[in-house]
Amino acid sequence: MKHIVLICAGGFSTNILATYIRKEMKEHAFDGDIRAMSESNFQGIKQHVDVILLGPQLSYLFEQISGKYQGTDTKVAMIDMKDYGRMDGKHVFEQILKLLDE
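In this text the structure is predicted, and so the values were computed from the model without any measurement.

**Focus on the environment of Met25**
Within the fold, Met25 resides in helix 1 (residues 12-27). Once residues lying within four places of it in the same chain are set aside, the contact partners of Met25 are Ile4, Phe30, Gly32, Asp33, Ile34 and Phe93.

Structure below.
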């Protein structure tokens, strides 16, 4: 099972996006779970995460978070602003699959 976390300032908009991604995961029989949370809640996370996606408003944290996971198998990326604004679960799910294939 793959563990995916979406992070935004408050966790609200990523929670909506996660709902659309879950639909794609189900349609593709993807074995994984996805959680959305605020940046402050993420700082306390202890479990293994395979993919971390940051909302566009957190671009200033990308270097810090990606540096924390450098040298691990955790992939860290930004969610495309257009995909985020459109709540495009399909495109973000495709992004997750590409990151997992790297």
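**Description of the packing of helix 1 against helix 5 (residues 89-101)**
It is at 8 Å that the axes of helix 1 and helix 5 come closest, and there the two elements cross at 70°. The orientation of helix 1 relative to helix 5 falls into the category roughly perpendicular. In this structure, helix 1 meets helix 5 at a crossing whose hand is right-handed. Contact residues: helix 1 offers Leu17, Tyr20, Ile21, Glu24 and Met25, while helix 5 offers Gly89, Lys90, Val92, Phe93 and Ile96.

**Observations regarding the packing of aromatic side chains**
Taken as a whole and assessed by the stated rule, the structure comprises two aromatic pairs. For the ring pair Phe42 and Tyr69, a centre distance of 6.4 Å and an interplane angle of 45° mean the geometry is tilted. Taken as a pair, Phe42 in helix 2 (residues 39-42) and Tyr69 in the loop between helix 3 (62-68) and strand 4 (75-78) lie far apart in primary sequence, 27 residues in all. A relative accessible area of 1% means that Phe42 is categorised as buried.

**Describing helix 1**
Taking 1.5 Å as the rise per residue, helix 1 with 16 residues should run 22 Å; its terminal C-alpha atoms sit 24 Å apart, in good agreement. Turning to helix 1, its buried residues are Thr14, Leu17, Ala18, Ile21, Glu24 and Met25. Each buried residue of helix 1 sits inside an arc of 115° when the element is viewed along its axis, so together they form one side. In helix 1, the exposed positions angled more than 90 degrees off the buried face are occupied by Phe12, Lys23, Lys26 and Glu27. Just past helix 1, the residue Ala29 takes up positive phi, approximately 50°.

**What to know about the nonpolar core**
Where a protein is soluble and globular, its nonpolar side chains tend to be buried together. The biggest cluster of nonpolar side chains holds 19 residues, and the ones touching the most others in it are Ile4, Leu6, Leu17, Ile21, Ile34, Leu53 and Ile96. Of all the secondary structure elements, the ones that give two or more residues to this core are strand 1 (2-8), helix 1, strand 3 (51-54) and helix 5. In this structure, Phe42, Leu54, Leu58 and Leu61 belong to the second largest nonpolar core, which totals 13 residues.

**Points about the pairing of strand 3**
Burial along strand 3 is two-sided: Val51 and Leu53 facing one way and Ile52 and Leu54 facing the other are all buried. With four bridges joining them, strand 1 and strand 3 adopt parallel strand pairing. Its bridge partner being in strand 3, Val5 is matched across the sheet by Ile52. Here four bridges tie strand 3 to strand 4, and the two strands are oriented parallel to one another. Paired with Ile52 across the strands is Val76, a residue of strand 4. Between strand 3 and its parallel partner strand 4, the chain crosses via helix 3, and the hand of that crossover is right-handed.

Conventions adopted
- Residues numbered from 1 in each chain as written.
- Predicted model: local features only at pLDDT ≥ 70, side-chain atom pairs only at ≥ 80, totals over all residues.
- Heavy atoms only, no water.
- Helix = DSSP H or I, 4+ residues; strand = E, 2+ residues; numbered from the N terminus.
- Contact = heavy atoms within 4.5 Å.
- Axes fitted to C-alpha atoms, helices over the stretch in contact; angles between N-to-C directions.
- Parallel < 35°, antiparallel > 145°, perpendicular 65-115°, else oblique.
- Left-handed = near helix turned anticlockwise from the far one by under 90°.
- Phe/Tyr/Trp six-rings, centres within 6.5 Å; stacked < 30°, edge-to-face > 60°.
- Buried < 20%, exposed > 50% of the residue type's maximum accessible area, 1.4 Å probe, protein only.
- Expected span 1.5 Å × (residues − 1).
- Arc of directions from axis to C-beta.
- Core = buried A, V, L, I, M, F, W, Y, C linked by side-chain atoms within 4.5 Å.
- Pairing = 2+ DSSP bridges.
- Right-handed = clockwise from strand over helix to strand, strands pointing away.

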